[in-house]
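Okay, here's what each chain looks like letter by letter:
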Amino acid sequence: MKKKLLTIFGVLTLTVVILVMAAPSIVHALGMHPDYDGPTYKLPGKKALIIATNHGVLNNPGETTGDPTGVMASEFTHPYYGFLDAGMDVDVASIKGGVIPVDPQTLGRMVITAEDKRYLEDPVLQGKIKNSIKIDDLDFTQYDAIFISGGWGAAYDLGYSEKLGEKISEAYLAGRPIIGSVCHGALGLIKAKDEGGNAIIAGRKMTGVSDKQVKELGINMTPMHPETELRKAGALYESRTAFRDVFATYVVVDDEKRFVTGQNQNSGHVTAHRMMGIISNLPAAPVPENEETTE
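Structural notes, computed from the coordinates. (Residues numbered from 1 in each chain as written. Predicted model: local features only at pLDDT ≥ 70, side-chain atom pairs only at ≥ 80, totals over all residues. Heavy atoms only, no water.)

## Things to note about the overall build of the protein
For the record, the criterion: Under the DSSP-based scheme used, a helix requires at least four consecutive residues in state H or I and a strand at least two consecutive residues in state E, with every element numbered from the N terminus. Residue burial considers only the protein chains on display, and all accessible areas are found by Shrake-Rupley using a 1.4 Å probe.
Scanning the protein from N- to C-terminus turns up 9 helices and 11 strands. In the structure as shown, the protein presents an accessible area of about 14500 Å², 56% of it carried by carbon and sulfur atoms.

## Some details on the sheet that holds strand E11 (residues 259–262)
Put simply, the test is: Two strands pair if DSSP finds at least two bridges between them. By definition in these notes, contact holds between two residues if any of their heavy atoms fall within 4.5 Å. The convention used is that axes are lines fitted to C-alpha atoms, helices contributing only their stretch in contact, and that angles between N-to-C directions extend from 0 to 180 degrees.
Pairing is mixed in the open sheet, where 7 strands are placed in the order E5-E4-E1-E6-E7-E11-E10. This sheet does not close on itself; its edge strands, each paired only once, are strand E5 (133–134) and strand E10 (251–253). Running over the sheet, helix H2 (residues 73–85) touches strand E1 (47–52), strand E4 (89–94), strand E6 (145–148) and strand E7 (178–182) and is turned about 175° from E1.

## A word on the layout of surface pockets
As a reminder, the rule being used: For cavity detection a 1 Å grid was placed over the protein atoms alone, and a set of points counts as a cavity when a 1.4 Å probe fits there but cannot get out; an open set counts as a pocket when protein lies on both sides within 12 Å along at least five of seven lines, with lining residues being those that have an atom within 4 Å of a point. Grid points are joined across faces, edges and corners, and a volume is the space filled by probe spheres set on the points. Under the grouping applied here, Gly and all other residues not named as nonpolar or charged are polar, the nonpolar ones being Ala, Val, Leu, Ile, Met, Phe, Trp, Tyr, Cys and Pro and the charged ones Asp, Glu, Lys and Arg.
Its volume calculated, the largest pocket comes out at about 590 Å³. Surrounding the largest pocket, 26 residues form its lining, Met-72, Gln-105, Thr-106, Trp-152 and Leu-217 being those nearest its centre. Looking at the lining of the largest pocket, the elements that each hand over two or more residues are strand E3 (67–68) and helix H7 (211–217). Of the residues that constitute the lining of the largest pocket, the class distribution is 15 nonpolar, 8 polar and 3 charged. One number sums up the size of the second largest pocket: a volume of about 290 Å³.

## Quick look at the nonpolar core
As a reminder, the rule being used: To form a nonpolar core, buried Ala, Val, Leu, Ile, Met, Phe, Trp, Tyr and Cys residues must be joined to one another through side-chain atoms within 4.5 Å. Relative accessibility decides the category of a residue: with a 1.4 Å probe and only protein chains considered, values under 20% of the type maximum give buried, values over 50% give exposed, and everything between is partly exposed.
Counting residues in hydrophobic clusters, the biggest one holds 69 residues, and the most contacted among them are Ile-51, Phe-76, Phe-83, Phe-140 and Ile-168. In this structure Phe-83 touches Ala-48, Ile-50, Met-88, Val-90, Ala-145, Phe-147, Ala-272, Met-275 and Met-276, once residues within four positions along its chain are discounted. Core analysis: the second largest hydrophobic core is formed by 5 residues, Met-32, Val-111, Val-246 and Phe-247 among them.

## Let's talk about the packing of aromatic side chains
So the rule is basically this: Aromatic pairs are defined between Phe, Tyr and Trp rings, using the six-membered ring for Trp, whenever the two ring centres lie within 6.5 Å; interplanar angles under 30 degrees are classed as stacked, those over 60 as edge-to-face, and all others as tilted. The rule for a charge over a ring is simple: NZ of Lys or CZ of Arg within 6 Å of the ring centre, and within 35 degrees of the ring normal.
Summed over all chains, the structure comprises 5 aromatic pairs. On the numbers, 5.1 Å between centres and 85° between planes, the contact of Tyr-80 with Tyr-81 is edge-to-face. The burial state of Tyr-80 is the same as that of Tyr-81; both residues are buried. We note Lys-47 situated over the ring of Tyr-143; from NZ or CZ to the ring centre the distance is 4.8 Å.

Treat this as a map of the structure, not an account of what it does.
Rendered as structure tokens:
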């Protein structure tokens, strides 16, 4: 009997070890961080700006302590390396400038991606994250793509920033940058106004993390939820659902093709590449009349 029990225990232990080892692959197969297999682009000479949060504590508004949070790793690594590998120059900015906290849970074994691992070995991007540019110091109209990353930290600062709203407004009205966001990054769009003072996103098809996903993950203390805020601002909110929305993937391009928004952490790859696809089809900027050309 003792030998039989030891055998059973050994089999159970081996089964547990196999399941633990296979867990990341299982989560990936269920839909977490799907592989990107769409078209790629070459855009040398183009410029991209990625904006992320400065807030690094998951807490109730007004509190100063809580679990560490920040930007979700894949929500900046996927677009960053997508733009970079296309030959674009990529800057990284935040509301206050300086350190952009990276949510440590999003670099955990169950959810870490190849791009996240590339970031951990990339001193250049690490430097940009530790010393991000303050948005006040940038001219958004000089970029071809502006991408706003999410993560729980974004719920505390992006949607409250009047300056970010002004900068997005200037970028939109200038007619040049394609503006994108993923997950909570959509909160960075809600304060942008047109020349008449109306919300620029009103009447536009858009997405961001769903209220269902927020509820399923049990993170209700954050002060802003993207689906709720997008709807308040008049956006035509769309999403895709799954047995758990964290496994859903969805990207929306507005009818004007100026805004490309991704639903959640799964959508960063596609959002960035849809932006690049639009940029690649834009007509070349006209040469000023006083500028000589050569054949």
